[in-house]
Amino acid sequence: MTETGPGSSRRWWRYTIALAVVALLCAVLLGGLSAWFLGSVALAGLTAAALTFNFHIPGALIRLLAIGRTAARYGERLAGHRAALTDQIEHRVRLFASMAQAPALRRAGWQFGDQATLTDYVDDVEDVDFSRLRAGIPTFTGAVGVALGLAATAWVAPLALPPILAMLAASMLAARSLAHADAVWTRSRTLRREGAGTLGSALTSVVPLKAEGLWGPLSHEAIETLSRADRDYAALRRRQASVDALASLLGPLSALGVVAAAWLAGGRGAALLLPVFVAFGWLALGEAAAGLSRIPVAWLRRRTASRELGRWGSASPPADGSCEPHGAPQALRHPGLQRLAPDGRGLGRPLPIILEVGRPTVLVGASGSGKTSLLKQIAGWIGEDPMETRGGRLDAAPRMALSVLCLHDAAILADTVRANLFAGTRADEDLWAALAAVELTDRIIEAGGLDGWVTQSTLSLGEAQRLNLARVLLSDRPIVLLDEPTEHLDADQGRRILDAMVGRLADRILVLSSHTVGGLPQGRTIVL
Amino acid sequence: MLDACYQIGFGWSHPNTFNLHKATMYEKWGMMPPAAESPPSGLSTQFSALGLARVVAGQGTRMVLVLQALRTLLKLGFSGCTALLVGSLVMEADVPPWLAAAAAALVGACAIAGLFADRRVVATESRVATGLSDAMAHRLASMPARQIQALPAGGLIVAMQRHPEAVAALVVGHRAARTMMAAGPLIAALALLLVSWQSALLVVLLTPVMIIFFALVGETLHRRAEAQERAFGRLAGQFSDRIRALPTILANHALQAEEAKLARRLDAYAANTMGVLRIAFLNAAIIDFFASLSIAMLAVFLGLGHLGLARIPGFHDLALWQSLFILMVAPDFFAPFRRFSEQYHAKAEGEAAAAALDRLFEDGSRPFMPSGMLEAIDLSLPAAGMVAITGPSGAGKTTLLRRLAGVDGAPGPMSGGRGRPSWIGTDSFVADGTIAEAIGSNADAGSTRLELAARSVGLLDDALLPGGLSARVGANGASLSGGQRLRIAVARAILADGPIYADEPTAKLDAASAASIRRALADLAASRPIVVATHDPKLAALALRRIDLPPRVHGAAT
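Remember, it's a predicted structure, so these values are computed and weren't measured experimentally.

## Section: the interface of chain B and chain A
Chain B puts 129 residues into the contact, and the matching count from chain A is 129 residues. Broken down by element, the side of chain B that touches chain A gets its largest block of residues, 28 residues, from helix 10 (residues 255-307) of chain B. Looking at side-chain class alone, the side of chain B that touches chain A contains 75 nonpolar, 36 polar and 18 charged residues.

Structure (structure tokens):
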């Protein structure tokens, strides 16, 4: 799509609305006109008027409306999707940018590594993306159709108005209550998430659970929770069925009402032709209202999804790239850094920190002693601690801009190897040299070279970890923080790669955490 | 994002659109496309999601069909009454006074039949989904741990959440729509036949022409969808992929670049999607066109007949009510095609979901084959005391431990009797809630015993778990470290009464915690059998018996 950007979808939405209204009008007029036409010719056929009856104009109109209905519906679908897709691109790019500001991103455990959470999230995004097409446009078109029907009824058979209005009110109330069935829908979603969570943690503990004989009951419980979610969803669908049943009465009963009202008002014979036009218009409108319950459900889903997506939003200022470039610091100090746990609580006694170029620092400690959190604190991801440099002080935000943080659970993007190295401007030789240093040359050649496509699942954990280390080698940031760099690597290879990296990063401030590496030559060790 | 188009685009109807849909579903559900060469299936019982779903659905789907056929008949009855009423009124003929009431009653009955049909669809689909879930639960409960661990966890969870529903929609909603596509037009044609066989013939003759158009559109669509899959298949999941990878992108300062790239790629993908949709929507347009065409043609023929200007066989000498009836019923002839085409995404999703479930649960389990090494080992355990399995990494310590605990199919030597067994490892399960609940979830111990157990493994003075026994562990222990899980598992074992299997219980701990775990295990060994797989010489030194495994050339089974 060539034109994007704010507001570029507006034109397409206008086309969509216009075409949707035209399609509905064509359908309604086609129904009314053909019935009126048959009635007229039947009456004319009784007399000599048959010979003078202008047959061609209504015949041509009927053909025009038939073609118009088909064409307008096709156009409406195309324009609507075009508009929705244009909005979708804008919405998703905006969401991506705002998710990048979410405080949760920099804390522990990014939930979207979990597939079930990610799938739910994408569903929510989609509910918002397409709500205009699924809810907004049909609501508007339906309102126009009903308004015209009411106006025509008021003109030809006003007596029919009260019952029609009563039915309309009943349908709208039912639809409204469906659109506000938040409780059922939210419970279904919550149960679904709970079931997935229980199942997920049961799956990671399958061996202990099996050994203790708890696997069966627990997996059953998780799946039962998911079934309960399904049953809640079924309750929502039952309500949908009621709304649809009610809506299916609207067209036919209105039609009968108009004819009956006109007859009661004394219309006979030819005088009934106009009411028949309106009645068959109502019938056609009723056909168009089939599946009406999808509209309130789309509203419901949109509201829930927006609320859900809103939870991730944050007001914090852009965290990355907004800072003025600082010179490369030679050393970072903190006389007594109050360490933070992942949830922001203070942890342990204040820790004096000295980090210097040429003296790699190893954070040693048992699993759970807070190594990753300390690395994130140094990287400026959590906390607001200023650190001292030779020239002055360096706050968290500029520190974030100056450091490259190598997370131990870093992701592989579904993209080329080149894109995955995040080194757009570097020459191919540099990229290959970095890959060689992490012993990935053969694997990358096998994957199709620098422009070969890789995904999280095409690389093993060890290969992903090594690619992740190659990213660090290609970064020119002066502060390098490695979280468990040898994880998923066998001991010898881990040592070789780490030695190579320490050598190549001798001109940077290097901090790494490990529960296997004891220490490094000329290095410092901080025991947590 | 294509998926959304399917849900709104009313007109997907050709099976060839499947390819277009596939990529999206794989993205959404995180499934891997099936391997090109289907793996040889196991010899034993196969899991067939579709077969099972059909059995559960059986009666319910038939009832749905009966109700839907009833709805169609009642609708025809309404059309007949209304046509007769309007026709007679306009022609000033005598109208039986009950006709209007009958029309209203019929349309009411039609709505009620529709309501029951819809509710029956929901109830049957819900029953099918629950039946499938139960079957999966049974399957999971009886699978050996080895096989469960081989399943892709993320994919399995999403499959459990969503696939039963999708399969149910295929065997109930979609199947009913398919059957009604045959029955509905037939009923409508028969109704037309009652009035004018020529008009019935006209709509029936239009049908093959419509199907030829379908085939032509389907062919083009197939080609376009294949081309899209080849050119843009990779771009299908870029948004969710980048959301997943956000921390990595941020850590590498690639945010701006990735944002711009994401916009470019979404744009390219959307543009291509529009190209495919242009053709795909033709399916719906064809149904619309033929329905409109039939009305236009019939109205003209019938009109000429009434005027007496032309003597078209079957279209003259009709009463007005008969022409009106024909005009009302003709669209009903085409409506089932449209309803079926709306169900299209249900077919594609249901089939993919069923195939995915079959793959996940196909019985690939081979009988547990103890290696020669394990056969040579005396697997009997003492009534109390510690047995240590030692040996270099990859020697099969964990495999042997799992064999003894009986988690991989074959029962272990201690299974049956002697109290509730415990497993201690960094992957131990931690129930949602507080430390006390995590430790006591499997025992009815008083608070004193709970506290003693927690204290003996140093859980009460853990800086990361402030609040002692009432410290909350995150949802399902997600925020716990391996070491914390391990200590919780030891505390749980203290409160249980059966044999204990411990996998590297001191590996990820600092010296003080490791010492406290060793002490706790030594105490427990006085009254119970404990098997530990360990590298820790101090722990192995506490054992009554040592099984020292020789190094193996190939990697360990785990």
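## Thoughts on the packing of helix 4 (residues 115-129) of chain A against helix 11 (residues 294-310) of chain A
Residues and elements named next belong to chain A. Where helix 4 contacts helix 11, the two axes come as close as 8 Å, and the packing angle between them is 125°. Looking at the two axes, helix 4 sits oblique to helix 11. The hand of the helix 4/helix 11 crossing is left-handed. Residues Asp 124, Val 125, Asp 127 and Val 128 of helix 4 lie in contact with helix 11, whose contacting residues are Arg 301, Arg 302, Ala 305, Ser 306, Glu 308 and Leu 309.

## What to know about the domain arrangement of chain A
Residue and element names in this part refer to chain A. The domain boundaries assigned to chain A delineate domain 1 (10-310) and domain 2 (331-413 + 456-527). Distance from the C-alpha centre of domain 1 to the C-alpha centre of domain 2: 54 Å. Domain 1 puts 4 residues into the contact, and the matching count from domain 2 is 5 residues.

## Quick word on the nonpolar core
Residues Val 259 and Val 276 of chain A together with Val 167 of chain B are the most contacted members of the largest nonpolar core, which totals 335 residues. The leading source of residues in this core is helix 10 of chain B, at 24 residues.

## Here we look at the sheet that holds strand 1 (residues 385-390) of chain B
Residues and elements named next belong to chain B. Ordered by their spatial adjacency, 5 strands build an open sheet running 2-5-6-1-7, and the pairing between neighbours is parallel. In this open sheet, the two strands that pair with only one neighbour each are strand 2 (422-424) and strand 7 (545-548). Recorded for the sheet is a direction-independent mean angle of 15° between the axes of neighbouring strands. As judged from the 3 bridges shared by strand 2 and strand 5 (residues 500-503), these two strands associate in the parallel manner. Directly across from Ile 424, in strand 5, lies its bridge partner Ala 502. Helix 17 (residues 482-495) rests against strand 2 and strand 5 of the sheet, and its axis sits at about 155° to strand 2.

## Some remarks on the confidence of the model for chain B
All names here are of chain B. Looking at chain B, pLDDT values average 80 and 83% of them are 70 or higher. Within the model, pLDDT remains below 50 along residues 1-44, and this stretch shows 105 contacts once partners closer than five positions in the same chain are excluded. Overall fold confidence for the complex sits at a pTM of 0.84, while the interface term, ipTM, reaches 0.87.

What counts and what doesn't
- Residues numbered from 1 in each chain as written.
- Chains lettered and ligands numbered in written order.
- Predicted model: local features only at pLDDT ≥ 70, side-chain atom pairs only at ≥ 80, totals over all residues.
- Contact = placed C-beta atoms within 7 Å.
- Helix = DSSP H or I, 4+ residues; strand = E, 2+ residues; numbered from the N terminus.
- Nonpolar A, V, L, I, M, F, W, Y, C, P; charged D, E, K, R; others polar.
- Axes fitted to C-alpha atoms, helices over the stretch in contact; angles between N-to-C directions.
- Parallel < 35°, antiparallel > 145°, perpendicular 65-115°, else oblique.
- Left-handed = near helix turned anticlockwise from the far one by under 90°.
- Domains from an automatic or database assignment.
- Core = buried A, V, L, I, M, F, W, Y, C linked by C-beta atoms within 7 Å.
- Buried ≥ 20, exposed ≤ 12 C-beta atoms within 10 Å, placed from the backbone.
- Pairing = 2+ DSSP bridges.
- pLDDT = per-residue confidence, 0-100.

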